[in-house]
Amino acid sequence: DGVAQGRGIKCRLCTKALKKIQALAGDDPDEAAVVAALQKGCQALGRAKGKLCQQLVKKYRDQITEGLQNGDMPRDICTAMGICQ
């Protein structure tokens, strides 16, 4: 159905964005590294996806930061935020 499919696309975008952000932030990121990576990571996705990515990052900044600092997998962070199932 449309909702699940829409969620699937969001889930893929979230996972992809967080993989990129995680790579940019490095292995043991402090908050500044995560913030910088959040900005760069969204830009790297292009304009349309980048806009969605930035909305995601604004809304879930604390959860993303915490997840990355805990070394959680991107997919797990997206699931914790309710974007993936």
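Residues numbered from 1 in each chain as written. Predicted model: local features only at pLDDT ≥ 70, side-chain atom pairs only at ≥ 80, totals over all residues. Heavy atoms only, no water.

1. A few points about the nonpolar core
Most often, soluble globular proteins have nonpolar side chains that are buried together. Residues Cys14, Leu18, Ile21, Val57, Ile64 and Met81 are the most contacted members of the largest nonpolar core, which totals 23 residues. Every element with two or more residues in this core is listed here: α1 (2-25), α2 (31-43), α3 (47-70) and α4 (74-80). It is α1 that provides the largest number of residues to this core, a total of seven residues. Those residues in contact with Cys14, other than ones at most four positions away along the chain, are Leu56, Cys78, Met81 and Ile83. (Core = buried A, V, L, I, M, F, W, Y, C linked by side-chain atoms within 4.5 Å. Buried < 20%, exposed > 50% of the residue type's maximum accessible area, 1.4 Å probe, protein only. Helix = DSSP H or I, 4+ residues; strand = E, 2+ residues; numbered from the N terminus. Contact = heavy atoms within 4.5 Å.)

2. Details of a negative patch on the surface
A cluster of acidic side chains, namely Asp27, Asp28, Asp30, Glu31, Asp62, Glu66, Asp72 and Asp76, defines a negative patch on the protein surface. Residue placement: Glu66 occurs in helix α3. (Patch = residues over 30% accessible without salt bridge, like charges linked within 9 Å, V, L, I, M, F, W, Y side chains within 5 Å. Areas by Shrake-Rupley, 256 points an atom, 1.4 Å probe, with all protein chains shown as cover. Salt bridge = Lys/Arg side-chain N within 4 Å of Asp/Glu carboxyl O. Lys, Arg positive; Asp, Glu negative; His and termini not counted. Charge placed at Lys NZ, Arg CZ, Asp CG, Glu CD.)

3. Quick look at a positive patch on the surface
A grouping of Arg12, Lys16, Lys20 and Lys49 is seen on the molecular surface, where their side chains present a positively charged patch. Per element, the largest residue contribution to the positive patch is three residues, and it comes from α1. By secondary structure assignment, the location of Lys49 is in helix α3.

4. Description of the state of the cysteines
Scanning all chains against the criterion turns up three disulfides. One disulfide in the model links Cys11 with Cys84; its S-S distance is 2.0 Å. Between Cys11 and Cys84 the sulfur-sulfur dihedral comes to about 105°; the bridge is accordingly right-handed. A residue pair is termed long-range when its members are at least 10 positions apart, and Cys11 in helix α1 and Cys84 in the segment after α4 qualify at 73 residues. (Disulfide = S-S within 2.5 Å.)

5. Digging into the confidence of the model for the protein chain
Summary statistics for the protein chain give a mean pLDDT of 88 and a share of 92% for residues scoring 70 or more. Here α1 stands out as the least confident element of the protein chain, with mean pLDDT 83; α4 is the most confident, with 95. (pLDDT = per-residue confidence, 0-100.)

6. A look at α3
The first and last C-alpha atoms of α3 sit only 29 Å apart over 24 residues, clearly below the 34 Å expected at 1.5 Å per residue. By the burial criterion, the buried members of α3 are Gly50, Cys53, Leu56, Val57, Tyr60, Ile64, Thr65, Gly67 and Leu68. Just downstream of α3 lies Gly71, where phi reads positive at about 80°. (Expected span 1.5 Å × (residues − 1).)

7. Some remarks on the environment of Leu52
The topology assignment puts Leu52 in helix α3. The exposure class assigned to Leu52 is partly exposed, which follows from its relative accessible area of 41%. In sequence terms Leu52 and Pro74 are 22 residues apart; their C-alpha atoms lie 16 Å from each other.

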